[in-house]
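# Inside the fold
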Amino acid sequence: MLARQPSLLANSRVFQVLSRQFNTTPASAVVCAHERRANKRKQYDSSQNARPGRIITESHNARSILDHSSLRVTRQLEMLNVLMGFEQANKYALMDPRGNTVGFMAEEQTWSSIFGRQLYGTHRSFNIAVLDLNGSVCLRIHRPFSLINSHVTVSDHSGQTVGESHQEWHAWRRRYNVFESKRSGMNQFARIDAPFLSWDFAMADEQDIVMGGVYRDFAGIGAELFTDYGLYAVCFDQLALSQRYAATNRSSSVHVTEHAMDLDRRAVALGAAVSIDFDYFSRHSRVGFGGIPWFTFPMGLSHNSSPSGNDDYE
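A brief structural summary. (Residues numbered from 1 in each chain as written. Predicted model: local features only at pLDDT ≥ 70, side-chain atom pairs only at ≥ 80, totals over all residues. Heavy atoms only, no water.)

Across its full length, the protein holds 8 helices and 12 strands. Within the protein, the fraction of its 314 residues that count as buried is 54%. For the protein, restricting intrachain contacts to residue pairs at least 6 apart in sequence, the fraction spanning at least 24 positions comes to 58%. As displayed, the protein offers around 14300 Å² of accessible surface, 56% of which is attributable to carbon and sulfur atoms. (Helix = DSSP H or I, 4+ residues; strand = E, 2+ residues; numbered from the N terminus. Buried < 20%, exposed > 50% of the residue type's maximum accessible area, 1.4 Å probe, protein only. Contact = heavy atoms within 4.5 Å. Areas by Shrake-Rupley, 256 points an atom, 1.4 Å probe, with all protein chains shown as cover.)

Further remarks concern helix H7 (residues 238-247). If you check which residues of H7 are buried, you get Leu239, Ala240, Leu241, Arg244 and Tyr245. Capping of H7 at its N-terminal end is provided by aspartate 237; its side-chain oxygen lies 3.3 Å from the backbone amide nitrogen of leucine 239. (Polar contact = N/O pair within 3.5 Å; in protein donor to acceptor, adjacent residues only side chain to side chain.)

Once that is clear, we can look at the side chain of histidine 60. Secondary-structure assignment places histidine 60 in the loop between helix H2 (46-49) and helix H3 (63-66). What makes histidine 60 buried here is its relative accessible area of 10%. Dropping the residues within four chain positions of it, histidine 60 is found in contact with Ile55, Cys138, Asp156 and His157.

Before going further, it helps to spend a moment on unusual backbone geometry. Of note, the phi angle at leucine 197 is positive, near 65°, even though the residue is not glycine. Note on placement: leucine 197 falls in the loop between strand S9 (185-194) and strand S10 (200-204). A positive phi angle, near 65°, is found at aspartate 208, a position not held by glycine. With a relative accessible area of 55%, aspartate 208 lands in the exposed category.

According to the stated counting rule, one finds 8 aromatic pairs in the structure shown. Their ring planes at 85° and their centres at 6.2 Å tell us that phenylalanine 201 and phenylalanine 281 sit as a pair that is edge-to-face. With a gap of 80 residues between them, phenylalanine 201 in strand S10 and phenylalanine 281 in the segment after helix H8 (263-280) connect regions that are remote in the sequence. Phenylalanine 201 sits in the buried class, given a relative accessible area of 1%. A residue is classified by how much of its surface remains accessible, and phenylalanine 281, at 2% relative accessible area, is buried. Ring geometry for tyrosine 215 versus tyrosine 245: centroids 5.9 Å apart, planes at 90°, classification edge-to-face. Remark: tyrosine 245 occurs in helix H7 and tyrosine 215 occurs in strand S11 (residues 210-217); sequence separation between them is 30 residues. The two residues tyrosine 215 and tyrosine 245 agree in class, both being buried. Taken together through their ring pairs, the aromatic side chains of Tyr176, Trp199, Phe201, Tyr232, Tyr280 and Phe281 make up a single cluster. The ring of tyrosine 280 has arginine 174 sitting right over it, with the charged end atom 4.3 Å from the ring centre. (Phe/Tyr/Trp six-rings, centres within 6.5 Å; stacked < 30°, edge-to-face > 60°. Lys NZ or Arg CZ within 6 Å of the ring centre and 35° of its normal.)

Moving on, we come to a nonpolar patch on the surface. Taken together, Trp111, Phe115, Leu119, Tyr120, Phe145, Leu147, Ile148 and Trp169 make up a surface patch of nonpolar side chains, about 1000 Å² in accessible area. In this structure, tyrosine 120 sits in helix H5 (residues 111-120). (Patch = residues over 30% accessible without salt bridge, like charges linked within 9 Å, V, L, I, M, F, W, Y side chains within 5 Å. Salt bridge = Lys/Arg side-chain N within 4 Å of Asp/Glu carboxyl O.)

Here we take up the side chain of arginine 216. As for its position among the elements, arginine 216 is in strand S11. The buried category is assigned to arginine 216, whose relative accessible area is 4%. At a separation of 2.8 Å, a polar atom in the side chain of arginine 216 contacts the side chain of tyrosine 232.

Take a look at the structure:
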């Protein structure tokens, strides 16, 4: 169980700054699913969340964030990272399929974390707080220092562990094992096995049926080449997944579940999205080395800037 650490996020002023930063929805954002029948169907099976052992139930404050067919996760542009190579704390906006902001995620800051970001880059340990629109902490995402394979733990606001995401080493494939917390211990409920350089991270069960997934969307040439600004779609049910794969003409080749993920599994999927962002799409966070501008290196990039992310395994 994670120890709760003091954070600047409890200050309402910080929350107001986050709200202003994410007030505008990017025009290039791609919504993976539309809530066309939001008033005619439930977004999840409430009976699953009422089962014994569930941590995030219908009365939990994280429900206001997770109770959607999908979430669009937008990572804030870090100007000091772009201009000077100074690694800043990561901040994300969480939006529903209609583009309405439903919450925020922000990396907690301490003096040690500031120095750790400059020295260790994407290998650093971090604590991320998931906030609702009232500024209350709903979930916490923790990752310890990792040299090779990352390990993310998701807990609720009381510190109770909801689940974990473990990166699995492979020479070229992008693999994760995803677990939920049970009374008997951790139980694996999904696996991610994405191809080389893939932007699609489908979460499949042991029968290879896709139950959800994390999908990175194209943010534009300039944003992709020169920044770590990122757009992600985290899909939780059949509606979101079917529309996602139909848009890419892959619906016939993918077996999609008929059941929605419960709230615990959705929380773990959100934690996996953060882990994927750090592991494979934070290229500019791997250079700079304590504030040294990235453009001082030959060709503007170091050997660690490979978009494949395979340098994590070195």
